[in-house]
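Here is what each chain is made of, one letter per residue.
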Amino acid sequence: MRKRVMDYQSQEMIATLNAENECMEIKEEVDEGTQGTVQSLTQPIQTIFDSNQNLKAEVWKEFVSVGVGEDGKKRGCCIHCSRSYIIERLYGTSHLRRHLLHCSKRPESKRGGNDEQVRRKHKSTDVKRALVPKSFRNREEVSNNVSTKRQRSLTSEGKTRSGMLLGLDILDCPICFHALTIPIFQCDNEHLACSSCCSKLRYKCPTCESPVGHKRCSVMESVLESVFVPCRNAKFGCTENVSYGKESTHEKDCSLSQCACPALDCNYTGSYSYIYAHFFDNHCHESNSLSFVCGGSVDVEMNIATEKIVVLCESEKRLLFALQCFNELHGVYVTVRCIAPSTLELGKLAYYLYYSMDGHTLTYTSPEVKMVLKVSFETPQDNFMFVPHSLLHGESLKIKVSIGLKVRVGSS
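Naming follows an unreviewed UniProt entry, where the chain appears as RING-type E3 ubiquitin transferase of Camelina sativa. Quoted verbatim from the Sequence similarities (unreviewed entry) field of the UniProt record, the comment on the chain reads "Belongs to the SINA (Seven in absentia) family." Reading the Pathway (unreviewed entry) entry of the UniProt record for the chain gives the comment "Protein modification; protein ubiquitination."

Structure, rendered in structure tokens:
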């Protein structure tokens, strides 16, 4: 409805302008009678531009005021041919500019020569602007400026535009509230769900109960791929920007990641090189720590009822290894972990475990020592040796440990 009203207003303005132009053409012959009077003036001509300091357009410099016409509207005549036109502000200056472009008595230097294409271009532009209300012209100019700025910012020097999110919560799964990761799914009503939640909810949207887990949300995936956050170790010197949702993966590999002291009831954290110095200065006197050298072996005795960890200190490489045992229903799980980032250049370290009791021997060679930033007290799912309770001598576990570059140590 609003658009239809605008069309009616434009039509009324066109009709008014046409009527005014017809009146102007009819009066042109009458107004020519004043030409001799204007040209016979011996004093300098005072144009409309000179008499009104509020006017800025150059066109007023070529018209002089001649009073009010029979219709009650202010009139001005061309200083070159003395033709009369309405000069009220409501009517603008487009009709005055059109006249100057075609005025036969105006100097050629001011008209821009005889280039007909230039005249047509100016005429077409002025006619179009005359037919468009001023409010619409302003909107068009603003739109053109915004479009130009947007195009310039996108193409300037090939740089990528960047923005800022006020909160990263919008990038979390609305169901489990964990960071969204690709793939991201949506139901028919565009409710989002991560792949983990889809399977847990049996592929039914908890909001609208529509099927979910079959249609990807490519828009959200594109947004997620374009969001990068600084590494949490930036304050320690890391300059990496990490894709949102993959911070934990990077932190495991970041050489500046902070490691936690493996000693029980100690909350100290620091880089892996500082961790060794901290442990050596504060915990090496404790009974659950031993020193060794990579490539050699060390005998360890643990009470599976009271001891869960023994820290092995490697003095040459200044590394800490955690030997852990987990007493479960059917036996004991034994594993070794290194307290260091996974990207640490140590070569491929492996560990070898040897256990013997009453003529029964158990051995285990790990494919590689697992690097961790913090000791976990959850039962391992891989890289462990299992000792059944039937092969244990009470609550004591005596085991030989060797850690090195794929070195295997025989029993002694």
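Considerations on the sheet that holds strand 3 (residues 84–86)
Taken in spatial order, the three strands make up an open sheet running 1-2-3, and their pairing is antiparallel. In this open sheet, the two strands that pair with only one neighbour each are strand 1 (63–68) and strand 3. Direction aside, the axes of adjacent strands within the sheet are offset by 35 degrees on average. Direction of pairing for strand 2 (residues 74–78) relative to strand 3: antiparallel, over a ladder of three bridges. Within strand 3, the position partnered with Cys77 by the bridge is Ser84. Helix-sheet contacts for helix 4 (residues 94–102) involve strand 1, strand 2 and strand 3, and the interaxial angle to strand 3 is about 155 degrees.

Section: the pattern of salt bridges
This structure, assessed with the given rule, holds six salt bridges. A salt bridge links Arg106 to Glu62; its shortest N-O distance comes to 2.8 Å. Of this pair, Arg106 sits in the loop between helix 4 and helix 5 (108–111) while Glu62 sits in the loop between helix 3 (48–51) and strand 1; the two residues are 44 residues apart in sequence, bridging distant segments of the chain. Across this residue pair, the class does not change: Arg106 and Glu62 are buried. The salt bridge partner of Arg75 is Asp71, with a shortest N-O separation of 3.1 Å.

Notes on the UniProt feature "domain: RING-type" (unreviewed entry) in the chain
Sites flagged by UniProt as "domain: RING-type" (unreviewed entry) map to residues 173–209. Annotated as 16% helix and 16% strand, the span residues 173–209 places its first and last C-alpha atoms 17 Å apart.

Focus on helix 11 (residues 272–282)
Within helix 11 the residues assigned to the buried category are Ile275, Tyr276, His278 and Phe279. Here the buried residues of helix 11 occupy an arc of 165 degrees about the axis, which is enough to place them on one side. In helix 11, the exposed positions that point more than 90 degrees away from the buried face belong to Tyr274 and Asp281. On its buried face, helix 11 sits against strand 8 (259–260), strand 9 (269–270), strand 10 (289–292), strand 12 (309–314) and strand 13 (319–327).

A word on the packing of aromatic side chains
For the structure shown, the criterion picks out six aromatic pairs. With a centroid separation of 5.9 Å and an interplanar angle of 50 degrees, the aromatic rings of Tyr351 and Tyr364 are classed as tilted. You can see Tyr351 sitting in strand 15 (residues 350–357) and its partner Tyr364 sitting in strand 16 (residues 360–365), a full 13 residues away along the chain. There is no split in this pair, since Tyr351 and Tyr364 are both buried.

So, the nonpolar core
Of all hydrophobic cores here, the largest spans 32 residues; its most connected members are Leu312 and Phe321. Elements with a minimum of two residues in this core: strand 11 (297–303), strand 12, strand 13, strand 14 (331–339), strand 15, strand 18 (385–388) and strand 19 (396–404). Ignoring sequence-local partners within four residues, the contact set of Phe321 consists of Phe292, Val310, Val311, Leu312, Glu314, Val336, Arg337, Cys338, Leu349, Val369 and Ile403.

Notes on helix 4
Among the nine residues that make up helix 4, seven are buried, leaving the element largely enclosed by the rest of the structure. Listed as buried for helix 4 are Ser94, His95, Leu96, Arg98, His99, Leu100 and Leu101.

A closer look at the environment of Glu301
Looking at the element boundaries, Glu301 is found in strand 11. Note: C-alpha distance between Glu301 and Lys400 (99 residues apart in sequence) is 8.7 Å. Setting aside chain neighbours within four positions, we find Glu301 in contact with Glu307, Ser396, Leu397 and Lys398.

Each value, and the rule that gives it
- As a convention, each chain's residues are numbered from 1 in the sequence order in which they are written.
- At least 70 in pLDDT is required for a residue's local features to be given in this predicted model, at least 80 for side-chain atom pairs to be given and counted, and no such filter applies to totals for whole chains, interfaces and linings, which use all residues.
- Just so you know, side-chain values use all the structure's heavy atoms and leave hydrogens and water out.
- UniProt positions are given in the numbering used here, feature names are shortened, and annotations may be inferred rather than shown by experiment.
- Here, strands pair whenever DSSP counts at least two bridges between them.
- Secondary structure is summarised from DSSP: a helix means a run of H or I of at least four residues, a strand means a run of E of at least two, and numbering begins at the N terminus for each.
- Only C-alpha atoms enter the line fits that serve as axes; for helices the fit covers just the stretch in contact. Angles between N-to-C directions range over 0 to 180 degrees.
- In what follows, a contact means two residues having at least one pair of non-hydrogen atoms within 4.5 Å.
- Just to be clear on terms, a salt bridge is a Lys or Arg side-chain nitrogen sitting within 4 Å of an Asp or Glu carboxyl oxygen.
- Note on exposure labels: buried denotes an accessible area under 20% of the residue type's maximum, exposed denotes more than 50%, and partly exposed covers the range between, all computed with a 1.4 Å probe on protein chains only.
- By arc we mean the arc of the directions from the helix axis to the C-beta atoms, nothing more.
- When two rings of Phe, Tyr or Trp (its six-membered ring) have centres within 6.5 Å they constitute a pair, described as stacked for plane angles under 30 degrees, edge-to-face for angles over 60, and tilted for the intermediate range.
- Residue types Ala, Val, Leu, Ile, Met, Phe, Trp, Tyr and Cys, when buried and joined through side-chain atoms within 4.5 Å, form a set referred to as a nonpolar core.

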